[in-house]
Amino acid sequence: LVRARGLGDVDQRQGHKGIRVNAISAGPIKTRAASGIAHFDELLAEAAAKAPLRRTVDACEIGRVAVVLASDYAASITGEIIHADAGFHVAGMVFH
């Protein structure tokens, strides 16, 4: 993962080569790897409750965002962090 601050630096170095650099911020996603995190189901439920769309996203949704970013439809998008998280990022990341 590229930290947000470093994203622009990488983009500046690669843009002249026609290489676009973007990131997808998905929030918590239920995956096999995440199942090993203690209390992850509670975290998912809280994230869904706080997100404006009242749900979390799944890996397929993030894959579709990646496909769009890789396509010609996003040819002018670079240096961005795309929040594909059902709006969770606007609610903040405070878990209890």
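This one's a predicted model, so the numbers in the text were calculated from it and none came from an experiment. (Residues numbered from 1 in each chain as written. Predicted model: local features only at pLDDT ≥ 70, side-chain atom pairs only at ≥ 80, totals over all residues. Heavy atoms only, no water.)

1. Some remarks on the overall build of the protein chain
Of regular secondary structure, the protein chain possesses four helices and two strands. The N-to-C order of helical and strand elements in the protein chain reads α-β-α-α-β-α. Expressed as a percentage of the 96 residues in the protein chain, the buried residues total 27%. Taking contacts inside the protein chain between residues at least 6 apart in sequence as the whole, the part at least 24 apart equals 70%. (Helix = DSSP H or I, 4+ residues; strand = E, 2+ residues; numbered from the N terminus. Buried < 20%, exposed > 50% of the residue type's maximum accessible area, 1.4 Å probe, protein only. Contact = heavy atoms within 4.5 Å.)

2. Here we look at helix α3 (residues 59-70)
Taking 1.5 Å per residue as the helical rise, α3 with its twelve residues ought to reach 16 Å, and the 16 Å between its terminal C-alpha atoms agrees with that figure. Listing the buried residues of α3 in full gives E61, I62 and L69. The arc that holds every buried residue of α3, seen down its axis, measures 100°, which confines them to one face. Turned more than 90 degrees away from the buried face of α3, the exposed residues are C60, R64, V67 and A70. Those residues of α3 that are buried are in contact with β1 (23-25) and β2 (81-83). (Expected span 1.5 Å × (residues − 1). Arc of directions from axis to C-beta.)

3. Observations regarding helix α2 (residues 40-50)
Among the residues of α2, those classed as buried are F40, L44, E46, A47 and A48. Structurally, α2 contributes buried residues whose contacts are with α4 (88-91).

4. Comments concerning the environment of G18
Within the secondary structure, G18 sits in the loop between α1 (4-14) and β1. The exposed category is assigned to G18, whose relative accessible area is 59%. Taking the C-alpha atoms as reference points, G18 and A75, 57 residues apart in sequence, are found 9.5 Å from one another.

5. Some points on the pattern of salt bridges
Using the criterion set out here, one finds two salt bridges in the structure. Between K50 and E46 there is a salt bridge, with its nearest N and O atoms 3.0 Å apart. With a gap of four residues between them, K50 and E46 both fall in helix α2, about one helical turn apart. A relative accessible area of 26% places K50 in the partly exposed class. Since its relative accessible area comes to 17%, E46 is described here as buried. (Salt bridge = Lys/Arg side-chain N within 4 Å of Asp/Glu carboxyl O.)

6. What about unusual backbone geometry?
Not every positive phi belongs to a glycine, and H39 is a case in point at roughly 60°. With respect to the helices, strands and loops of the structure, H39 is situated in the loop between β1 and α2. A positive phi angle is found at A86, which is not glycine, with a value near 60°. Following the sequence through the fold, A86 ends up in the loop between β2 and α4. Residue class for A86 comes out buried when judged on its relative accessible area of 9%.

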